[in-house]
Amino acid sequence: MNDTPSLVNAMYRRLLAKLTGEERLRFASESYESAKVIVRASLSGIEGDIELRKKVFLRFYGNDVGEMFGKKFFEHLALNSRQ
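What you see is a predicted model, and the numbers here were worked out from it, not measured in a lab.

Caption draft 1: Focus on the pattern of salt bridges. A full pass over the atoms with the stated rule returns two salt bridges. Where Glu22 meets Arg26, a salt bridge forms, and the shortest distance between an N and an O atom there is 3.2 Å. Residue Glu22 and its partner Arg26 are both found in helix α2 (residues 21-42); the two are separated by four residues, about one turn of the helix. We classify Arg26 as partly exposed; its relative accessible area is 42%. As a salt-bridge pair, Glu33 and Lys36 come within 3.4 Å of each other at their nearest N and O atoms. Here Lys36 and Glu33 lie together in helix α2, a separation of three residues that amounts to about one turn. The exposure class assigned to Glu33 is partly exposed, which follows from its relative accessible area of 38%.

Take a look at the structure:
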């Protein structure tokens, strides 16, 4: 979905282009961390770290990865939680 007017999108791209690579990376990292905080807050009431990590993964990547990848990722989480 893209509901941003093209003029606003162009202004935003020009602002980002003025940043250094380091600044853009920091901006992206901080945005991702903020998004994780919001997603985790929306999932309050989930019992256990593994279940929370599964839900966060699905919220972020559920539409972008295949079912087989998700299954393997969850198996990996389960195996590494036992160590």
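Caption draft 2: How the structure looks around the environment of Phe57. Tracing the sequence through the fold places Phe57 in helix α3 (residues 49-61). Under the relative-accessibility criterion, Phe57 is labelled buried at 9%. The spatial distance from the C-alpha of Phe57 to the C-alpha of Phe73 is 9.2 Å, given a sequence separation of 16 residues.

Caption draft 3: Inspection of the packing of α3 against helix α4 (residues 67-81) at higher detail. In the contact formed by α3 and α4, the axes pass within 11 Å of each other and the chain directions differ by 155 degrees. In terms of orientation, α3 and α4 fall into the roughly antiparallel class. Handedness of the crossing formed by α3 with α4: right-handed. Facing Ile50, Arg53, Lys54, Phe57 and Leu58 of α3, the residues of α4 in contact are Phe69, Gly70, Phe73, Phe74, Leu77 and Ser81. Looking at the contact of α3 with α4 residue by residue, the classes come out as seven nonpolar, two polar and two charged.

Caption draft 4: Structural view of the packing of aromatic side chains. Overall, the coordinates contain seven aromatic pairs when judged by the stated rule. With 5.3 Å between their ring centres and 55 degrees between their planes, Tyr32 and Phe60 make a pair best called tilted. Placement of the pair is Tyr32 in helix α2 and Phe60 in helix α3, with a sequence separation of 28 residues. Relative to Phe73, the ring of Phe57 lies with its centre 4.3 Å away and its plane at 20 degrees, an arrangement referred to as stacked. Here Phe73 lies in helix α4 and Phe57 lies in helix α3, a separation of 16 residues in the sequence. These aromatic residues form a ring-pair network of at least three members: Tyr32, Phe57, Phe60, Tyr61, Phe69, Phe73 and Phe74.

Definitions and limits used
- Throughout this description, residue numbers start from 1 for each chain and increase along the sequence as written.
- Local features in this predicted model are restricted to residues of pLDDT 70 or higher, and side-chain atom pairs are both shown and tallied only at a pLDDT of 80 or more, whereas totals for entire chains, interfaces and linings draw on every residue.
- Water and hydrogen atoms were dropped before computing side-chain values, which therefore reflect all heavy atoms in the structure.
- Definition used for salt bridges: Asp or Glu carboxyl oxygen within 4 Å of a side-chain nitrogen of Lys or Arg.
- We count a stretch as a helix when DSSP gives it H or I for four or more residues in a row; a strand needs E for two or more, and each element gets its number in order from the N terminus.
- For every residue, the accessible area (1.4 Å probe, protein chains only) is compared with the maximum for its type, and the residue is labelled buried under 20%, exposed over 50%, or partly exposed between those bounds.
- Axis definition: a line fitted to C-alpha atoms, limited for helices to the stretch in contact. Angles are taken between N-to-C directions and run from 0 to 180 degrees.
- Here is the rule for angles: anything less than 35 degrees is roughly parallel, anything more than 145 is roughly antiparallel, 65 through 115 is roughly perpendicular, and the remaining ranges are oblique.
- The hand of a helix crossing depends on one turn: near helix anticlockwise from the far one by less than a right angle means left-handed, and clockwise means right-handed.
- Note on contacts: a residue pair qualifies if any of its non-hydrogen atoms lie within 4.5 Å across the two residues.
- Classes in brief: Ala, Val, Leu, Ile, Met, Phe, Trp, Tyr, Cys and Pro nonpolar; Asp, Glu, Lys and Arg charged; the others, Gly included, polar.
- In this analysis, rings of Phe, Tyr and Trp, with Trp reduced to its six-membered ring, are considered paired at centre separations within 6.5 Å, and the interplanar angle assigns stacked below 30 degrees, edge-to-face beyond 60, and tilted for intermediate values.

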